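As a plain string of letters, each chain reads:
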Amino acid sequence: MTAKEDLFAKKIAGYLDRDSAALRSGAAYRLQLARAKALDRLADAVAETAPASGMAITGAHGLAGGGTAMGRGGLRGHPAWSSRSLWIGIALIIAGGVLFQQWQAAQAAREIEETDAAILSSDLPIDAYLDLGFHNWLKQVGN
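Residues numbered from 1 in each chain as written. Predicted model: local features only at pLDDT ≥ 70, side-chain atom pairs only at ≥ 80, totals over all residues. Heavy atoms only, no water.

**Let's talk about a nonpolar patch on the surface**
Nonpolar side chains collect at one region of the surface, where Phe8, Ile12 and Leu16 lie side by side and expose about 320 Å² of accessible area between them. Judged by relative accessible area, which is 57%, Leu16 ranks as exposed. (Patch = residues over 30% accessible without salt bridge, like charges linked within 9 Å, V, L, I, M, F, W, Y side chains within 5 Å. Areas by Shrake-Rupley, 256 points an atom, 1.4 Å probe, with all protein chains shown as cover. Salt bridge = Lys/Arg side-chain N within 4 Å of Asp/Glu carboxyl O. Buried < 20%, exposed > 50% of the residue type's maximum accessible area, 1.4 Å probe, protein only.)

**Concerning the pattern of salt bridges**
Taken as a whole, this structure holds one salt bridge when the rule is applied. With a closest N to O distance of 3.8 Å, Lys10 and Asp6 form a salt bridge. Highlighted residues: Lys10 and Asp6, both in helix H1 (residues 3-21), separated by four residues, approximately one helical turn. The class for Asp6 is partly exposed, based on a relative accessible area of 33%. (Helix = DSSP H or I, 4+ residues; strand = E, 2+ residues; numbered from the N terminus.)

**A few points about a negative patch on the surface**
On the surface, Glu111, Glu113, Glu114 and Asp116 cluster together into a patch of negative charge. Examined against the element boundaries, Glu113 turns out to sit in helix H3 (residues 84-121). (Lys, Arg positive; Asp, Glu negative; His and termini not counted. Charge placed at Lys NZ, Arg CZ, Asp CG, Glu CD.)

**Digging into the confidence of the model for the chain**
For the chain, per-residue confidence averages 76 on the pLDDT scale, and residues scoring 70 or more make up 77% of the total. When pLDDT is averaged over each helix and strand of the chain, the minimum, 74, is found for helix H4 (residues 126-130) and the maximum, 91, for H3. A low-confidence stretch, residues 59-75 (pLDDT under 50), is modelled with 24 contacts involving residues beyond four sequence positions or located in other chains. (pLDDT = per-residue confidence, 0-100. Contact = heavy atoms within 4.5 Å.)

**A look at the environment of Trp81**
Within the element layout of this structure, Trp81 appears in the loop between helix H2 (25-49) and H3. Those residues in contact with Trp81, other than ones at most four positions away along the chain, are Leu86, Trp87 and Ile90.

Written as structure tokens, this is what we have:
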């Protein structure tokens, strides 16, 4: 945390402490029970989603720092590269790229086939298409 963030956090904590002193004891007790219930539910949810390799986070306070930038486990002995969903995603991206390349190649082949078919089905000989003078004559006649 930077010094600015630390000062901001201290100010917020001060405001919360000052205002919590004004709460009635019944309201404070209900808030405490609600917090404990929420932390228990959070710990249960994390325990259900933790991998079966015994990496379940114990207690709700274990959640602080429990997640890493590399995904579940991350630097805690469970490398991110061993995640099945990561490899499935990589495989899907690669397969999509290969399929897109194949589709583009098929489109190019189809265009070449259409051009060849148009040239071969016309009445002009192929040499006429290759003659530059013929192309110039077509441009003049077209005007």
